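# Reading the structure
Chain residues, written in single-letter form:
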Amino acid sequence: MSDAYCSDCKRQTEVVFDHSAGDTVCSECGLVLESHSIDETSEWRTFANESGDNDPVRVGGPTNPLLADGGLSTVIAKPNGATGEFLSSSLGRWQNRGSNPDRGLIQAFKTIATMSDRLGLVATIKDRANEIYKRVEDQKSSRGRNQDALLAACLYIACRQEDKPRTVKEICSVANGATKKEIGRAKEYIVKQLGLENGQSVEMGTIHAGDFMRRFCSNLGMNNQAVKAAQEAVTKSEEFDIRRSPISIAAAVIYIITQLSDDKKPLKDISVATGVAEGTIRNSYKDLYPHVSKIIPSWYAKEEDLKNLCSP
């Protein structure tokens, strides 16, 4: 029991909570002070399969509008060897024999979720990738194609559209064996299919070298001052006509910044951290070198330091 103000008694009285009806009742006059209250505490009973699991929470996952049943269907778990699991095992077999139109989608969404977790992507990107895959799957034209490459391409496109791009090599590292070429082909196929669906080209978002800078610098363990200088430098580099990919420019800028600092990084380490070949970094550095004095922030390096940079 607890105390609450009763409007009929005009004073604080003891109240009784009726758990079955969700009503709060005054113990003296019987007035219902609050009705249909929601008990937000956990239940004391446990509904877990394993006896050692004492977690009383028994709610399911959130609804998924991409699935035919909203993701609210019941799935009978496999038996874990405990006694009395014969009925569960039999029901599970019968359920598997039935046709579930969303079985393929559920497995695909699980694969996308696994790849997203391994890359540390936010839920909005994962949801966007699920949506893209569902739209492609609804067209019934992806049969016979590499499923792993398709899922990886959906995630790549979702990252681009959410302005959190990842390199194809990063996506490839979590793509269950799909190669860069296969992911590239799958991406072109998805863009074509979505374009036919909408009757217009698919907006992929523009990639800038600065989109990768903080992550690449973090992989190399660069200090905050060097990271700030690299970000300013890569933003300045966009003012010049440097015909290199944004990833290559980012790698070359990091190479320049590290060469101007006390903590110099070998070209090999930068290549591993950025996924850009050493030869490509050298060629990008060669293109950036004539503009170094205008790209590198004056607070980070003096003119004498820039002159000491190795000429390409």
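Residues numbered from 1 in each chain as written. Predicted model: local features only at pLDDT ≥ 70, side-chain atom pairs only at ≥ 80, totals over all residues. Heavy atoms only, no water.

Under an unreviewed UniProt entry, the name given to the protein is TFIIB-type domain-containing protein, and the source organism is Lithocarpus litseifolius. On record in UniProt, under Subcellular location (unreviewed entry), the comment for the protein is "Nucleus". Per its UniProt entry, the protein bears the Sequence similarities (unreviewed entry) comment "Belongs to the TFIIB family." (UniProt positions renumbered as here; feature names shortened; annotations may be inferred.)

This part takes up the nonpolar core. By size, the foremost hydrophobic cluster in this structure holds 38 residues, and its most contacted members are V253, I257 and I296. Residue contributions to this core peak at 9 residues, all from helix α9 (residues 246-259). The residues contacting I257, other than those within four sequence positions of it, are M222, A226, A229, A230, I296 and Y300. L105, I112, V174 and A186 belong to the second largest nonpolar core, which has 35 residues in total. (Core = buried A, V, L, I, M, F, W, Y, C linked by side-chain atoms within 4.5 Å. Buried < 20%, exposed > 50% of the residue type's maximum accessible area, 1.4 Å probe, protein only. Helix = DSSP H or I, 4+ residues; strand = E, 2+ residues; numbered from the N terminus. Contact = heavy atoms within 4.5 Å.)

Attention now goes to helix α8 (residues 224-237). The end-to-end C-alpha separation of α8 is 20 Å, in line with the 20 Å expected for 14 residues at 1.5 Å each. If you check which residues of α8 are buried, you get A226, V227, A229, A230, A233, V234 and S237. Projected onto a plane normal to the axis of α8, the buried residues spread over an arc of 165° and lie on a single side. Those residues of α8 that are buried lie in contact with α7 (210-220), α9, α11 (278-288) and α12 (292-295). Sitting at the head of α8, N223 places a side-chain oxygen 3.2 Å from the backbone nitrogen of Q225. (Expected span 1.5 Å × (residues − 1). Arc of directions from axis to C-beta. Polar contact = N/O pair within 3.5 Å; in protein donor to acceptor, adjacent residues only side chain to side chain.)

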